[in-house]
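Below are the chains, spelled out letter by letter.
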Amino acid sequence: MTTTTTTSLRRFPRFDFVSKFTATSCSSSRRGFSTTTSSSSSGGSCTEYSLTLQQQLESGSRGKSINLFSAINQALHIALDSDPRAYVFGEDVSFGGVFRCTTGLADRFGKQRVFNTPLCEQGIVGFGIGLAAMGNRAIAEIQFADYIYPAFDQACIISLIVNEAAKFRYRSGNQFNCGGLTIRAPYGAVGHGGHYHSQSPEAFFCHVPGIKWLYRLAVEEVPEQDYMLPLSEAEVIREGSDISLVGWGAQLSVMEQACVEAEKSLQEGISCELIDLKTLLPWDKETVEASVCKTGRLLISHEAPVTGGFGAEISASIVERCFLRLEAPVARICGLDTPFPLVFEPFYMPTKNKILDAIKATVNY
């Protein structure tokens, strides 16, 4: 179900991407964080959850407004409380982690289920694969997404994610799976992290069948009960008629600011449609296609470098599907093809003004 709402988005210091290894799954999500369950690995089904999102909407329950890390924390509490075979582990998670997303979990559920690991991302992922393969729900935290890069030298963590976890069900002939494995890794600009704590590596993993990458960003009313959201369905969070904007994670906040500025402009008065893609692999081509067929224009924005970034895949697919409906070239406002700079971060980032200029240029093409 794709809902259309106008939300107030804010930028947080960090945002999470979550990799999910499963064949048949649905999402149990808080606004700001998503976990998925696989019936093959957990022994249950998605219908066992107490309330669905549709039921929440029909009952008029809006929950309460919370920020991203609080939503993540609540989702982890739910996961551990609802499944005795769920475990959370990673560097510093027992005392709350560097972003406090795991605060209170060890105290409530014990250090046998929420525990610190050595400073070894290869070990964290490898342990998670084995734990999930035995029917457990493994929630592994990589403290920063950038920490996947140092393991390139040993080719271990990438091998574990790409060659083991993603292909585990396929190569075992469906005898085993890693459907209970979730890897959390905050990504994107932190404001002062420089090139070791601010990168966006999502495009690397979008080439791998068997992995779902999830992106969520919003500050809005969050239902207090558990509920489900389907994977691979984008959300139109702002309707418009002149140009379609597509993004995910932190960049949605910046894009909405540009949309508001474009609409307020007395000269242009541009009506922007903003889409939260939410899931990159697979991504919701149909929702984006329908929007572009309506507006005739498309702008994509993400923090990762422009060359080889996932925006290129979106652009190519939409040109193939909507070539005769496009009234201007697809615009991409992304990071630069350089290492992520520390003191020059404002120049690197795809800012509101850069997006606003691209909106005007595309509409006036």
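What you see is a predicted model; the values in this text were computed from it and never measured. Each chain has its residues counted from 1, following the order in which its sequence is written. Residue-level local features of this predicted model are given only where pLDDT is at least 70; pairs of side-chain atoms are given and counted only at 80 or more, and the full residue set underlies all totals for whole chains, interfaces and linings. For side-chain calculations, the full set of non-hydrogen atoms in the structure is used, while hydrogens and water are omitted.

### Notes on the overall build of the protein
The condition that has to hold: For helices the rule is a DSSP run of H or I covering at least 4 residues; for strands it is a run of E covering at least 2, with both sets numbered from the N terminus onward. In this analysis, two residues are considered to be in contact whenever any of their non-hydrogen atoms come within 4.5 Å of each other. All accessible-area figures derive from a Shrake-Rupley calculation using a 1.4 Å probe, and residue coverage is judged against the displayed protein chains alone.
For the protein, the count of helices and strands is 13 helices and 16 strands. Long-range pairs, those at least 24 residues apart, make up 80% of the contacts in the protein with a sequence separation of at least 6. Accessible surface for the protein amounts to roughly 15400 Å². Of this, 54% is attributable to carbon and sulfur atoms.

### Quick look at the confidence of the model for the protein
Quick note on the threshold: pLDDT is defined as a per-residue confidence score from the predictor, taking values between 0 and 100.
Residues with a pLDDT of 70 or more make up 74% of the protein, whose mean pLDDT is 78. Contacts from residues 1-15, a stretch scored under 50 in pLDDT, to residues over four places away or in other chains number 70 contacts.

### Digging into helix α10 (residues 285-295)
Worth spelling out the cut-off: Any residue under 20% of the maximum accessible area for its type is buried, any over 50% is exposed, and the rest in between are partly exposed; the area is computed with a 1.4 Å probe on protein chains only. For this quantity, the arc is that covered by the directions from the helix axis to the C-beta atoms. Under this definition, polar contacts are N or O atom pairs within 3.5 Å; protein pairs additionally need one hydrogen-donor-capable and one acceptor-capable atom, and for neighbouring residues in sequence, both atoms have to be side-chain atoms.
Every buried residue belonging to α10 is among T287, V288, S291, V292 and T295, and all of these are buried. Taken end-on, α10 shows its buried residues confined to a sector of 125°, consistent with a single buried face. Of the surrounding elements, those touching the buried residues of α10 are β12 (235-238), β13 (243-247), β14 (272-276), β15 (298-305) and α11 (310-322). The N-capping residue of α10, defined by a side-chain oxygen 3.4 Å from the backbone nitrogen of E286, is D284. Just past α10, the residue G296 takes up positive phi, approximately 80°.

### Describing the environment of L160
As for its position among the elements, L160 is in helix α6 (residues 157-165). The exposure class assigned to L160 is buried, which follows from its relative accessible area of 17%. Along the chain, L160 and Q122 lie 38 residues apart, while their C-alpha atoms are 7.6 Å from each other.

### Examining the pairing of β14
If a strand is regular, its side chains alternate between the two faces of the sheet. Rule in force here: Being paired, for any two strands, means DSSP has found at least two bridges between them.
Taking burial as the measure, the five residues of β14 include five buried ones, the bulk of the element. Residue alternation in β14 divides its side chains into two sets, C272, L274 and D276 and E273 and I275, and both sets are buried. Looking at chain direction, β13 and β14 are connected through five bridges and run parallel. The residue bridging L245 from the neighbouring strand is L274, located in β14.

### Focus on the nonpolar core
For the record, the criterion: Here, nonpolar core refers to any group of buried Ala, Val, Leu, Ile, Met, Phe, Trp, Tyr and Cys residues whose side-chain atoms link them within 4.5 Å.
Counting residues in hydrophobic clusters, the biggest one holds 44 residues, and the most contacted among them are L181, L277, V288, L298, F310, I314 and I318. Sorting the residues of this core by element identifies α5 (121-133), β7 (137-141), α6, β8 (181-187), β9 (211-215), α10, β15 and α11 as the ones contributing at least two each. With residues near it in sequence (within four places) discarded, I314 still touches V246, W248, L277, W283, L298 and I300. Grouped together as the second largest cluster of nonpolar side chains are 20 residues, V254, A262, I355 and A358 included.

### Section: the side chain of S271
Residue placement: S271 occurs in the loop between α9 (251-264) and β14. Overall, S271 belongs to the buried group, its relative accessible area being 17%. Contact partners of S271, with chain neighbours within four places excluded, come to E239, G240, S241, D242 and I243.

### Brief notes about the packing of α10 against α11
Stated formally: All axes are obtained by fitting lines to C-alpha atoms, using only the stretch in contact for helices, and the reported angles, taken between N-to-C directions, cover 0 to 180 degrees. Note that the term roughly parallel is reserved for angles under 35 degrees, roughly antiparallel for angles over 145, roughly perpendicular for angles of 65 to 115, and oblique for everything else. Handedness of a helix crossing follows the sense of rotation of the near helix relative to the far helix, less than a right angle counterclockwise being left-handed and clockwise being right-handed. Any residue outside Ala, Val, Leu, Ile, Met, Phe, Trp, Tyr, Cys, Pro, Asp, Glu, Lys and Arg is labelled polar, Gly included; the first ten of those are nonpolar and the last four are charged.
Running from amino to carboxyl end, α10 crosses α11 at an angle of 60°, the nearest separation of the two axes being 10 Å. In terms of their interaxial angle, α10 and α11 are classed as oblique. Of the two elements, α10 crosses α11, and the hand of that crossing is right-handed. Contacts between α10 and α11 involve K285, E286, V288, E289, V292 and C293 from the first element and S317, I318, R321 and C322 from the second. Looking at the contact of α10 with α11 residue by residue, the class counts come to five nonpolar, one polar and four charged.

### Quick notes on the sheet that holds β15
Pairing within the open sheet is mixed, and its five strands lie in the order β12-β14-β13-β15-β16. Pairing within the sheet leaves two strands with one partner each, and these edge strands are β12 and β16 (331-335). Here the strands of the sheet are splayed against their neighbours by 25° on average, with no regard to which way each runs. Relative to β14, β12 is paired through three bridges, and the arrangement is antiparallel. Across the sheet, residue V236 finds its bridge partner in β14, namely I275.

### Comments concerning a nonpolar patch on the surface
Convention followed: Patch membership requires more than 30% relative accessible area and the absence of a salt bridge. Residues of like charge join within 9 Å; the nonpolar side chains Val, Leu, Ile, Met, Phe, Trp and Tyr join within 5 Å. Salt bridge, as applied in this entry: a Lys or Arg side-chain nitrogen positioned within 4 Å of an Asp or Glu carboxyl oxygen.
A cluster of nonpolar side chains, L342, V343, F344 and F347, forms an exposed patch at the surface whose accessible area comes to about 480 Å². With respect to the helices and strands, the residue F347 is situated in helix α12 (residues 345-348).

### Topic: the packing of aromatic side chains
Put simply, the rule reads: By convention, a stacked pair of Phe, Tyr or Trp rings (six-membered ring in the case of Trp) has centres within 6.5 Å and planes under 30 degrees apart, an edge-to-face pair has planes over 60 apart, and any other such pair is tilted.
Considering all chains together, one arrives at nine aromatic pairs under this definition. Ring centres 6.1 Å apart and planes at 75° place the aromatic pair F115 and F127 in the edge-to-face group. Taken as a pair, F115 in strand β6 (residues 114-116) and F127 in helix α5 lie far apart in primary sequence, twelve residues in all. Every member of this aromatic cluster is reached through a ring pair, and the members are F89, F115 and F127.

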